[in-house]
Amino acid sequence: MIEATVRRAEAADVPAMAQFVCDWEAATEWMPSLYGPDEIVGFIREAMPEREIWVAGEPIEGYLSFDPSLSRVGGLYCKTTGAGVGKTLMDRAKAGRDFVWLTTHERNERAQKFYKREGFEEVSRHEAEPPNTLREVRMEWRV
């Protein structure tokens, strides 16, 4: 179990966060890499003012992006699975809220199991919005 402190992400954290995305895509045979590292850095920088983005650990072991206007987790990436970092970040996203939702890829059964352990329930399956091509699962958590 990694002991991870959570803090709000800063601009200097963006390259490390983008690297988590790139590394996960490269390690996941069914996941197409639609964007390069520079584009992912740009997406994260663009989202920072509107989202609550938290990082865990020093050096960073993972991050979670949350859109408070939608109560939606937009992304959760961890360097290591099973070490408690994802749970720590998800606990932060749920803190003080009574509803949170997210989507994950239908093929990402490991993520679905994690979210179910965290109290999320599947509510639907649907086609992804372009340019994404992989079917998605919507999951919701309620107090």
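In this text, all values refer to a predicted model and were calculated from it rather than measured experimentally.

**Student:** Got a sec to walk through the confidence of the model for the protein chain? Specific residues and values, please.
**Tutor:** On average, residues of the protein chain score 94 in pLDDT, and 98% of them reach the 70 mark or higher. Here helix 1 (residues 14-27) is the element of the protein chain with the lowest mean pLDDT, 95, and strand 7 (residues 136-142) is the one with the highest, 98.

**Student:** Give a detailed account of the nonpolar core, specifying residues and quantitative values.
**Tutor:** With 20 residues, the main nonpolar core has L64, V73, M90, Y115 and F120 as its most contacted residues. Elements with a contribution of two residues or more to this core: strand 2 (52-56), strand 3 (62-67), strand 4 (72-78), helix 3 (85-94), strand 5 (99-105), helix 4 (109-117) and strand 7. Residue contributions to this core peak at four residues, all from helix 3. Those residues in contact with Y115, other than ones at most four positions away along the chain, are L76, M90, L102, T104, F120 and M139. In terms of nonpolar packing, the next biggest core, distinct from the first, is built from 14 residues, M17, I40, V41 and I53 among them.

**Student:** Outline the environment of W24, supporting the account with residue identities and numerical values.
**Tutor:** By the element assignment, W24 lies in helix 1. A relative accessible area of 25% places W24 in the partly exposed class. Sequence separation of W24 and C78 is 54 residues, and the distance between their C-alpha atoms is 8.8 Å. With near-sequence residues (within four places) excluded, W24 lies in contact with W30, M31, Y77, H105 and N108.

Analysis parameters
- Residues numbered from 1 in each chain as written.
- Predicted model: local features only at pLDDT ≥ 70, side-chain atom pairs only at ≥ 80, totals over all residues.
- Heavy atoms only, no water.
- pLDDT = per-residue confidence, 0-100.
- Helix = DSSP H or I, 4+ residues; strand = E, 2+ residues; numbered from the N terminus.
- Core = buried A, V, L, I, M, F, W, Y, C linked by side-chain atoms within 4.5 Å.
- Buried < 20%, exposed > 50% of the residue type's maximum accessible area, 1.4 Å probe, protein only.
- Contact = heavy atoms within 4.5 Å.

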